[in-house]
Amino acid sequence: MADDDRDYNLTETQKITKAKYPPITKKYEYLDHTADVQLHAWGSNLEEAFEQCAMAMFGYMTDTGTVEPLDTVKVEAEGHDLMSLLFHFLDEWLYKFSAEEYFIPREVKVLSIDRVRFRIKSIGWGEEFRLPKHPQGTEVKAITYSAMQIYEEETPEVFVIIDI
């Protein structure tokens, strides 16, 4: 699916929640990939491209517009280069959702990227994922290194394939 707005057939309650908050800025799209999905995200800097990639992943799992910013979660990760840093960053966010707290963010903000030690600090505002409050999209099983790309030209962008 190459569109960035998936149709979740929201309930009236979900539409009311979504209408309470300003629209979420989406600088990402989903690219078709055999058996998986490729996330393509961009931003005015690398930090924003990473943020948008995380939100693309969560946007595939639910309509993040239905998520209320009730709780705050911090995520830190490290790697040995930028690609491993992106992988571990997304993996840590996925862990917060799938294994630890069922936390789904409405927004993720990268606070800093240390390009020498390859460490990242981020924060997310959201809440615990609960049906029927949040529409169920597609489960993300894992982040992959397959065809991962990071470009830092004029408009930084990243490509990540997620296993669904």
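So, here is what we can say about the structure in this document. (Residues numbered from 1 in each chain as written. Predicted model: local features only at pLDDT ≥ 70, side-chain atom pairs only at ≥ 80, totals over all residues. Heavy atoms only, no water.)

Points about the overall build of the protein
Then, number 1: Counting its regular elements, the protein contains three helices and eight strands.
Then, number 2: If you list the helices and strands of the protein from N to C, you get α-β-β-α-β-α-β-β-β-β-β.
Then, number 3: Relative to the 2.2 N^0.38 estimate, which gives 15 Å for 164 residues, the radius of gyration of the protein is 15 Å and therefore close to what a compact globule would have.
Then, number 4: For the protein, the proportion of its 164 residues judged to be buried stands at 47%.
Then, number 5: With the model as given, the accessible surface of the protein reaches about 8,300 Å², and the carbon-plus-sulfur share is 48%.
Then, number 6: Between the mean site of the 17 positive side-chain charges and the mean site of the 31 negative ones, the protein shows a separation of 6 Å. (Helix = DSSP H or I, 4+ residues; strand = E, 2+ residues; numbered from the N terminus. Rg over C-alpha atoms; globule rule 2.2 N^0.38 Å. Buried < 20%, exposed > 50% of the residue type's maximum accessible area, 1.4 Å probe, protein only. Areas by Shrake-Rupley, 256 points an atom, 1.4 Å probe, with all protein chains shown as cover. Lys, Arg positive; Asp, Glu negative; His and termini not counted. Charge placed at Lys NZ, Arg CZ, Asp CG, Glu CD.)

Let's talk about the pattern of salt bridges
Then, number 1: Here the structure, examined in full by the defined rule, presents twelve salt bridges.
Then, number 2: Put simply, D114 and R117 hold a salt bridge, and the shortest N to O gap is 3.4 Å.
Then, number 3: On the basis of relative accessible area, R117 is assigned to the exposed category, the value being 52%.
Then, number 4: Among the ionic contacts, a cluster of salt bridges with common partners joins K20, E68, E127, R130 and K133. (Salt bridge = Lys/Arg side-chain N within 4 Å of Asp/Glu carboxyl O.)

Points about the sheet that holds strand β3 (residues 71-78)
Then, number 1: Overall, antiparallel pairing links the three strands, which are arranged β3-β5-β4 in an open sheet. Looking along the sheet, the strands with just one partner apiece sit at the ends: β3 and β4 (103-114). Across the sheet, the axes of successive neighbouring strands diverge by a mean angle of 20°, strand direction being ignored.
Then, number 2: Relative to the sheet, helix α2 (residues 46-61) contacts β4 and β5 (119-128), its axis offset from that of β4 by approximately 155°.
Then, number 3: The strands touched by helix α3 (residues 82-100) are β3, β4 and β5; relative to β3, the strand with the most contacts, the crossing angle is about 145°. (Pairing = 2+ DSSP bridges. Axes fitted to C-alpha atoms, helices over the stretch in contact; angles between N-to-C directions. Contact = heavy atoms within 4.5 Å.)

Some points on the pairing of strand β8 (residues 157-163)
Then, number 1: For β8, the buried fraction is high: five of the seven residues fall into the buried class.
Then, number 2: With six bridges joining them, strand β2 (residues 36-42) and β8 adopt antiparallel strand pairing. For H40, the partnering residue across the bridge sits in β8 and is F159.
Then, number 3: Where strand β7 (residues 149-151) lies against β8, three bridges are found, and the strand directions are antiparallel. Bridging from a neighbouring strand, I150 pairs with V158 of β8.
Then, number 4: The turn joining β7 and β8, which pair antiparallel and follow one another in sequence, is formed by five residues.

Some details on the side chain of K96
Then, number 1: Note on placement: K96 falls in helix α3.
Then, number 2: Residue K96 is classed as buried on the basis of its relative accessible area of 13%.
Then, number 3: Aside from chain neighbours lying at most four places away, what touches K96 is V73, K74, V75, E101, Y102 and F103.

Brief notes about the pairing of strand β1 (residues 28-33)
Then, number 1: Judged from the six bridges that link them, β1 and β2 form a sheet pairing that is antiparallel. Paired with E29 across the two strands is H40, which belongs to β2.
Then, number 2: Counting the residues between successive antiparallel strands, the hairpin from β1 to β2 contains two residues, one of them, A35, with a positive phi of roughly 65°.

A word on the packing of α2 against α3
Then, number 1: Interaxial distance between α2 and α3 falls to 11 Å at its minimum, and their mutual angle equals 40°. In terms of orientation, α2 and α3 fall into the oblique class. As α2 packs across α3, the resulting crossing turns out to be right-handed. For the pair α2 and α3, contact is made by L46, F50, C53, A54, M57, F58 and M61 and by L82, L85, L86, F89, L90, W93, L94 and F97, respectively. (Parallel < 35°, antiparallel > 145°, perpendicular 65-115°, else oblique. Left-handed = near helix turned anticlockwise from the far one by under 90°.)

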